[in-house]
Amino acid sequence: MRITFRDVSYTYMIGSPFEKKALDAVNLTLSSQTFTGVVGSTGSGKSTLMQLINGLLLPTTGQVQNGDFILHRKSKRKYVKQVRRQVGMVFQYPEHQLFGSTVEEDMLFGPKHLGLDIEKSRQRFPDLLELVGLGEEILPYSPFSLSGGQMRRVAIAGVLATHPKVLILDEPAAGLDPAGHRALLDLLRDWHDQHGLTTVLVTHDMEDAARYADEIVVMDEGKPVISGAPTDVFRQADQLAGLGLDVPASVRVSRAMQAAGWEVADTLLEPEALAGVVIDQLSTVRKEG
Amino acid sequence: MQPIIICDQLFFRYQEEQEWILHNFSLQVNKGDWIAVLGTNGSGKSTFARMLNGLLQPESGTVTVAGYEVADEEKIWNVRQKAGMVFQNPDHQFVAATVQDDIAFGLENAGIERREMLQRIDEVSKRVGIEDLLTAEPHRLSGGQKQRAAIAGIIALRPDIMIFDEVTSMLDPKGRAEVMETMKDLNRAGISMIMITHDLEEALMADRVIFMEKGKTIRDRTVHDFFQDPDFLKTRNFTLPYFLEMQVALKKHGVLLGNLSLSESEWVDRLCALPSEM
Ligand SMILES: Nc1ncnc2c1ncn2[C@@H]1O[C@H](COP(=O)(O)OP(=O)(O)O)[C@@H](O)[C@H]1O
Ligand SMILES: Nc1ncnc2c1ncn2[C@@H]1O[C@H](COP(=O)(O)OP(=O)(O)O)[C@@H](O)[C@H]1O
Ligand SMILES: [Mg+2]
Ligand SMILES: [Mg+2]
């Protein structure tokens, strides 16, 4: 599903002393079936942007188009609910949102809330749990008997159980150990590819943005300020540094090599591949010399 | 070198029918050392950290911190003053309405008189770079500022040891860099540090790395030696920092042999100088 923001602003607590304009006239399109990484320093408006996609927040001005649905300030609740049915959202620390007495009850929460067929949803649970690396034997367990990483995966299986067309992931891997981190994002990227979703990943981790996203949007003070393919976005290392952001290590190393006269393309290479470039050029130098 | 932390054969579990969460866990830390604690989720890192200032007590075994037995209830406030702890979530660590009052709160509890208190607030806020934020409400600060404010509240008590439990995992890159700078500064000033982290780049800053699995230390080496065995991390599906991974790949081709360098900038310099050496 294509998502388009047209002149969208969002202001929290309008009219109060704490009034805060979190998004400022945003124009942005997320193409259908792309995996977009959204980066930006804390407070730049990433989470607000995400909540506008599924109608948890409605624009103060402007409109958000989600497939054929258009959300604006006055959208009716029933209409918003139809949008929400298409959009799965994994918040930061989703394990804090588990509250059922069993894993099964928690996984049923989303489908029930959205009015989906409960029996059909239930039949899919074993497959979904297997997908996230857990077994169906945990269905009757209390979620609180699980480890943090397991709880996280249950919460995500619960969101996937609603079969969303759009998947919004707000730092889904924060706090996981490196193995769990990688496994979770690999799984979400695979699910995205297999089901032709439109996915948005909010992350502080530039390595993840580079590895998983097709497109990157950089937010600053309530506006997208840089966007494009990862290679193009990370070419602007100085602007990113000015926004308090890093570039991936591959970019750091290749830029230093370029400055020292190596011929390295501006692509994000895996370390083995960049090592390959070094080996090739050294052997050329040796032959010539 | 006299050890400042001694954990001797600790056994711990949260419930009786549970398996051991710390399983014959022993560790000695020398004064001034910076220890990185790595491990999978659930391996017992936070449980171990909570033993160090008596938030948890072992079922058997002893913990000695700065000369005090942590099991000695009469000395528990001495222990907590000597060993301060910073947690992952910057939002859960404040009690007062302003940063200044928050630092003062800990000092009042420790019975520090007012003039000394003001002097210490001034000193620690400069140390961590929050001197302009003293009258701010904690929840208005950025993540990195919150963590530094939390650190200021602890170092105001002049601890010998600081324990950091995944303190950068919720921060953006700038906040993370700020907190790491503060940590380096504290260690230079002689504070012994236990830093629990999932971030291998952060672990590179430490003197020594321990790796926990199932309540045990399965590896305990100097940072230099720890990273000379990349396969240990790879077989546990931990992705190596990029520049180390690249060194491993180059070594396979016979380029830049010898020990793996743990400094990205130093190594990149060597790499960049290669063609001219040919
Ligand atoms: N519920 C809220 N009430 C008032 N201000 C808010 C609220 N949520 C976020 N803000 C403010 O809006 C801005 C953008 O926040 P957010 O979208 O959460 O940014 P990010 O996710 O990039 O950290 C920040 O200045 C933040 O303080
Ligand atoms: N309050 C608790 N009650 C029961 N079990 C717990 C509690 N806290 C942690 N555990 C269990 O102890 C183990 C170690 O936890 P923890 O020390 O938090 O690990 P780490 O910090 O390495 O991720 C985990 O299996 C966890 O589920
Ligand atoms: Mg956010
Ligand atoms: Mg922990």
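Calculation notes
By convention here, each chain's residues receive numbers from 1 onward along its written sequence. Each chain is given a letter, starting from A, and each ligand a number, starting from 1, according to the order in which they appear as written. Totals for whole chains, interfaces and linings use every residue, but because this is a predicted model, local features are given only for residues with pLDDT of at least 70 and side-chain atom pairs only at 80 or more, for both listing and counting. Neither water nor hydrogens contribute to the side-chain values; these are computed over all heavy atoms in the structure. UniProt positions are given in the numbering used here, feature names are shortened, and annotations may be inferred rather than shown by experiment. Going along the chain from the N terminus, every DSSP run of H or I of four or more residues is numbered as a helix, and every run of E of two or more is numbered as a strand. Residue exposure (1.4 Å probe, protein chains only): buried if accessible area is under 20% of the type maximum, exposed if over 50%, otherwise partly exposed. In this analysis, two residues are considered to be in contact whenever any of their non-hydrogen atoms come within 4.5 Å of each other. Using a 1.4 Å probe, accessible areas were evaluated by the Shrake-Rupley method; residue-level cover was limited to the displayed protein chains. We treat Lys and Arg as the positive residues and Asp and Glu as the negative residues; His and chain ends play no part in the count. In plain terms, the charge of a residue is placed at NZ if it is Lys, CZ if Arg, CG if Asp and CD if Glu. Any two strands with at least two DSSP bridges between them are considered paired. Fitted lines through C-alpha atoms serve as axes, helices being fitted only where they are in contact, and the angles separating the N-to-C directions of these axes extend from 0 to 180 degrees.

An unreviewed UniProt entry annotates chain B as Energy-coupling factor transport system ATP-binding protein of Geomicrobium halophilum. The record held by UniProt for chain B lists under Subcellular location (unreviewed entry) the comment "Cell membrane". Listed in UniProt under the heading Sequence similarities (unreviewed entry), the comment for chain B reads: "Belongs to the ABC transporter superfamily."

Per an unreviewed UniProt entry, chain A carries the name Energy-coupling factor transporter ATP-binding protein EcfA2 and comes from Geomicrobium halophilum. Quoted straight from UniProt, the Function (unreviewed entry) entry for chain A says "ATP-binding (A) component of a common energy-coupling factor (ECF) ABC-transporter complex." The heading Sequence similarities (unreviewed entry) in the UniProt record of chain A holds the text "Belongs to the ABC transporter superfamily. Energy-coupling factor EcfA family."

What follows is about the overall build of chain A. Scanning chain A from terminus to terminus reveals 11 helices and 10 strands. By principal-axis analysis of the C-alpha atoms, chain A measures approximately 70 × 50 × 35 Å. For chain A, the residues scored as buried account for 52% of the 289 residues in total. Here the contacts in chain A between residues at least 6 apart in sequence split such that 61% fall between residues at least 24 apart. As displayed, chain A offers around 13,100 Å² of accessible surface, 49% of which is attributable to carbon and sulfur atoms. Here chain A holds 29 positive side-chain charges and 36 negative ones, and the gap between their average locations is 10 Å.

With that out of the way, let us pick up the UniProt feature "domain: ABC transporter" (unreviewed entry) in chain A. When the UniProt feature table is mapped to this numbering, "domain: ABC transporter" (unreviewed entry) covers residues 3-246 of chain A. In the segment residues 3-246 of chain A, helix accounts for 38% and strand for 25%; the C-alpha atoms at its two ends are 27 Å apart.

All names here are of chain A. A sheet is described by the order of its strands in space; here 6 strands give the open sequence β6-β7-β8-β3-β9-β10, paired in mixed fashion. At either end of the open sheet lies a strand with only one pairing partner, and these are β6 (87-90) and β10 (223-228). Taken over all neighbouring pairs, the strand axes of this sheet differ in orientation by 20° on average, direction set aside. Where strand β9 (residues 215-220) lies against β10, 5 bridges are found, and the strand directions are antiparallel. Among the inter-strand pairings, D220 is bridged to a residue of β10, identified as K223.

This part is about the UniProt feature "domain: ABC transporter" (unreviewed entry) in chain B. The feature "domain: ABC transporter" (unreviewed entry), as annotated in UniProt, sits at residues 5-239 of chain B in this numbering. Regarding residues 5-239 of chain B, the helix share stands at 36% and the strand share at 25%, and the terminal C-alpha atoms are separated by 30 Å.

Residue and element names in this part refer to chain B. Strand order in the open sheet formed by 6 strands is β6-β7-β8-β3-β9-β10, with mixed pairing between adjacent strands. The outermost strands of the open sheet, each flanked by one partner alone, are β6 (83-86) and β10 (216-222). Sheet twist, expressed as the average angle between the axes of neighbouring strands with direction ignored, equals 15°. Bridge count between strand β3 (residues 34-39) and strand β8 (residues 192-196): 4 bridges; the pairing is parallel. Residue I35 lies in a different strand from β8, and its bridge partner there is I194. With respect to the sheet, helix α1 (residues 45-52) is in contact with β3, β6, β7 (161-165), β8 and β9 (208-213), its orientation differing from that of β8 by roughly 150°. Across the sheet, helix α6 (residues 173-188) is in contact with β3, β7 and β8; its angle to β8 comes to roughly 150°.

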